[in-house]
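Inside the fold
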Amino acid sequence: MKPNSFKYSVLAVGVVAAMGISTAANAATPNTTGGISAGAAPITNVATANYSVAGIAQPNVTSNIVTVSVSETANFALVSTVDDGSIGNDTAVNRTATPGGTTTFTHALTNTGNVTDTYTVNTTGNDSALVTAAPDYALGTAPVTFTIVQADGTALTPAQRTALGTQAETGTLANGGTIRLQPGTRANLSYEAATPDDRNGNDKGVGTLTATSTFFTANNAPGATLVNENQTIVRLPTFKITKTATSTVDLTVANPQIAYSIVVTNATTDYSTAATDFVIRDVLPAGLSLPSGTASDVTVTGAGTATISTIGGRQAINVAVANLAVGASRTITFTVNVDKNQFTAANSSVTNNAEVYDKFIGPVSPLIAAPVLGTDYDILDSTDSTIGVTRIPDDAGEGNGAGIDSPGVTNFTRRAVVVSNPTTKEVPPASGTASQATHSTLITNSGQDAEGTNANPLTFTIADGGNNLAVRPVTGPVSATYTPPGNGAPVTITLQPTVAGGNTYTLNSTTLPTAQFPNGIAPGGILAINYNVSSGNVAAPATVDDAAAVGSTETSVVTLTPAGINPPAVTSVTDTTNVRGLTLVKSQALDETCSGTVAASTFVQTALEAKPDQCIIYRIQATNTSSAALGFNLNALTISDLLSNFSAGAALVAGSPATSATASSTAGIASTSATAVLGSNYTIAPQGVGTLTFKIKIKNAR
């Protein structure tokens, strides 16, 4: 600040004192022009002499009078000696303060005049006309310590010490105490300005130190008091805690683990300061534990000492840090084991918080299990924003500021979803659409997470085994029947293939209707995939060339591929489709006398020797090869044996055609047409047999 000079004259003669002030009341820079008079009397002096001549006393002789005018100049300066970038002015700004602590301010009070003067020194709150913004708190009063030195800062000379008289060279002044300074000397002043312990970061305090000249006061001179303004700003660490964790952990593995990283940064703000002697703590959630339970499990990048304790039955990691500069960070990494039995609920997760405990004054470590605010710590910053006591403005903390914190969150998955229930089915050689085999493959969710969601989608494919070209899975939509957990009411839906006409299907929140699947396939839910297998030419099943051979087999493979978070392994089942239908076996027996029937055991498929006028009995057996459990009836069966097969050498014995059938089957009607022996309209049950027999007689003289 620039001083504003003034003059004040009491007498017209000679005693002059000068001081300077600024346009504001707290200016302290002196000036060297102008002054005031204290009315000091001039010094006059005359000399006398006496002498004798030859022993005779002579008259006394008086000299002329000489006069000395005394010029007393009073002047003093009060400046701040705090190094705030502008040493020697009347303010000390942005001095670091700590809640409950003190801030030291230093000043120099110099007698720049030529007369000894006495000064009254006071510390005050912000009761002066300030040139800064309104403070958050006043600094208040405090004792002032002093040391008297020469104006250039060197020690007093012996003569100056002698001249001190009753004035101590060093000491402490109570607020409002006085100090006497000789010309050319100064008092180095120092006092501790207190900051209330309830103040927060970035709060600002203002106070003053004043010196009042007795000389100026006695002469009623304006500006007898010089004022220095002292400003504090509460500086605190602004901790930013960034905790990261393995995002998802698969609980189906043998030894699930979570890797953690804690980065504590002393964020840079306008009021930051180094953090000293604080403790970073992580109390592991229930179900998590360090592999060995010792400090060897913890790595600290940078200076810091880790110890392990137990709090409420849970392991706690404590890292004591001696110093963390503004802008610096400390990183802590460790891995924990997961107790799978602690996280059995669907969509389970664990949130792990980290905390920083700090004190305004003194160390925190060792940190007890249940620290007490104001005793064991003054600052508590936590990734759990509900318990923080950060003592910093909201816009620097959790309010999206420099000190915003983040916890470590891990989601657990226990996905167990498989396909099962391989089936064996039967089809006729030409199934058409009505006789296709239906396989039912089960997708079972035995884990604890929903399946068939956007987060955990499933894909299944139905692939032809490629063993039998005449048998294959039907492509296109399939039917799916969902049984909710707890044997809930089943619901059936139709699933469209991912590619039209294909055999790949995706299960997610889009393809599964929300009404029936509010959260996919719930844990314990079962989805049955019902798909068909056809044989022969479906469009024209009577086309013999396209029919499957009775007794042939084909396989189809259903493969389930889970995707998403920690997907389980791919599983598959192989279904079998057997071609079953009609087998026709013709055998013969010799009836030498043409007298009647023969024992069944005499029927053979090999060649016979017969003589003219002997008879041959033919037996044609139609068998339904489908199984009793899986099979199907053979309906409208007609057995035909052409007369032309034997008419050249034998004649049909009239009345001999007959039919029969095994139990559960229906025999056909025996008849003879102009061209064939017939058994018409059999119904043959699975594993049933329908028989047509007739007799021919070998011609004589052919």
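Please read all numbers here as calculations on a predicted model, not as lab measurements.

Observations regarding the overall build of the protein
- Scanning the protein from terminus to terminus reveals two helices and 51 strands.
- The burial tally for the protein puts 42% of its 702 residues in the buried class.
- The long-range share in the protein, meaning contacts at least 24 apart out of those at least 6 apart in sequence, stands at 73%.
- Summed over its atoms, the accessible surface of the protein is roughly 31,700 Å², and 53% of this surface lies on carbon and sulfur atoms.

Remarks on the sheet that holds strand 43 (residues 571-579)
- Reading across the sheet, the five strands line up as 34-43-42-36-40 and stay open at both edges, with mixed pairing between neighbours. Of all the strands in the sheet, just strand 34 (424-427) and strand 40 (504-507) have a single pairing partner and so form its edges. Adjacent strand axes in the sheet meet at a mean angle of 20 degrees, parallel and antiparallel pairs treated alike.
- Here strand 36 (residues 458-464) runs beside strand 42 (residues 553-562); their pairing, made up of seven bridges, is antiparallel. Note on strand 42: the bridge partner recorded for Leu 458 is Pro 562.

Things to note about the nonpolar core
- By size, the foremost hydrophobic cluster in this structure holds 67 residues, and its most contacted members are Leu 109, Ile 179, Leu 189, Ile 258, Ile 280, Leu 288 and Phe 334.
- Filtering out sequence-adjacent residues up to four positions away, Ile 280 remains in contact with Ile 262, Val 264, Ile 317, Asn 318, Val 319, Val 321, Ile 332, Glu 355 and Val 356.

Side note on the packing of aromatic side chains
- This structure, assessed with the given rule, holds 12 aromatic pairs.
- Ring centres of Phe 76 and Phe 216 lie 5.9 Å apart, and the angle between their planes is 65 degrees; on these two criteria the pair is classed as edge-to-face. Residue Phe 76 is found in strand 9 (residues 76-80), and its partner Phe 216 is found in helix 2 (residues 214-218); the two are separated by 140 residues along the sequence.
- Residue class for Phe 216 comes out buried when judged on its relative accessible area of 1%.
- One aromatic cluster is present, formed by Phe 76, Tyr 119 and Phe 216 through successive ring pairs.
- Above the ring of Phe 603, the side-chain terminus of Arg 619 is found at 4.5 Å from the ring centroid.

A look at the side chain of Asp 376
- When you line up the elements, Asp 376 lands in the loop between strand 30 (355-358) and strand 31 (379-382).
- No salt bridge is formed by the buried Asp 376, whose closest oppositely charged neighbour, Lys 359, lies at an N-O distance of 6.4 Å.
- Every residue in contact with Asp 376, bar those within four places of it in the chain, is listed here: Lys 359, Val 364, Ile 368, Ala 370 and Pro 371.

Structural notes on the pattern of salt bridges
- A complete count under the given rule lists seven salt bridges for this structure.
- Between Glu 451 and Arg 415 there is a salt bridge; the shortest N-O distance is 2.6 Å. Taken together, the residues span a long stretch of sequence, with Glu 451 in the loop between strand 35 (437-445) and strand 36 and Arg 415 in the loop between strand 32 (408-413) and strand 33 (417-420) at a distance of 36 residues. Across the pair, Arg 415 and Glu 451 agree in class, each one buried.

Concerning the confidence of the model for the protein
- This prediction gives the protein a mean pLDDT of 87; 90% of its residues lie at or above 70.
- Long-range and interchain partners of residues 1-37, a stretch whose pLDDT sits below 50, account for 122 contacts in this model, where long-range means more than four residues apart.

Some words on unusual backbone geometry
- Unusually for a residue other than glycine, Asn 421 sits at a positive phi of about 70 degrees.
- Even without glycine at this site, Asn 487 takes up a positive phi of about 55 degrees.
- Structurally, Asn 487 is set in the loop between strand 38 (478-483) and strand 39 (491-495).

A short note on the environment of Thr 506
- Note on placement: Thr 506 falls in strand 40.
- It is 9.5 Å that separates the C-alpha atoms of Thr 506 and Thr 561, two residues lying 55 residues apart in sequence.
- Once residues within four sequence positions are removed from consideration, Thr 506 is found in contact with Leu 458, Thr 459, Thr 498 and Thr 511.

Considerations on the pairing of strand 27 (residues 314-324)
- When strand 23 (residues 275-283) meets strand 27, the two strands line up antiparallel, connected through eight bridges. Of the residues in strand 27, the one forming a bridge with Ile 280 is Val 319.
- By the bridge criterion, seven bridges tie strand 26 (residues 305-311) to strand 27 in an arrangement that is antiparallel. Note on strand 27: the bridge partner recorded for Thr 307 is Asn 318.
- A loop of two residues connects strand 26 with strand 27, the two strands running antiparallel in sequence, and Gly 312 in this loop sits at a positive phi of about 60 degrees.

Thresholds applied
- Starting from 1, residues in each chain are numbered consecutively following that chain's sequence as written.
- This being a predicted model, a pLDDT of at least 70 is required before a residue's local features are given, and a value of 80 or more before pairs of side-chain atoms are given or counted; all residues contribute to the totals for chains, interfaces and linings.
- For side-chain calculations, the full set of non-hydrogen atoms in the structure is used, while hydrogens and water are omitted.
- Secondary structure elements are taken from DSSP: a helix is a run of H or I of four residues or more, a strand is a run of E of two residues or more, and numbering for both begins at the N terminus.
- Only protein chains enter the accessibility calculation, which uses a 1.4 Å probe; a residue is then buried when its area is under 20% of its type maximum, exposed when over 50%, and partly exposed in between.
- The criterion used for residue contact is that any of the two residues' heavy atoms lie within 4.5 Å.
- Per-residue and other accessible areas follow the Shrake-Rupley method at a 1.4 Å probe size, with only the shown protein chains counted as cover for residues.
- Here, any two strands with at least 2 DSSP bridges between them count as paired.
- A fitted line through C-alpha atoms serves as each axis, taken over the contacting stretch for helices, and the angle formed by two N-to-C directions is quoted from 0 to 180°.
- What makes a nonpolar core is a set of buried Ala, Val, Leu, Ile, Met, Phe, Trp, Tyr and Cys residues whose side-chain atoms join them at distances within 4.5 Å.
- Here the aromatic set is Phe, Tyr and Trp, taking the six-membered ring for Trp, and pairing holds for ring centres within 6.5 Å; pairs whose planes are under 30 degrees apart are stacked, those over 60 apart are edge-to-face, and all others are tilted.
- Throughout this description, the term charge over a ring refers to an Arg CZ or Lys NZ atom that lies within 6 Å of the ring centre and within 35 degrees of the ring normal.
- The convention is simple: Lys and Arg are positive, Asp and Glu are negative, and His and the chain ends are not counted.
- One speaks of a salt bridge when a side-chain nitrogen belonging to Lys or Arg is within 4 Å of a carboxyl oxygen belonging to Asp or Glu.
- A residue's pLDDT is the predictor's confidence in that residue, given on a scale from 0 to 100.

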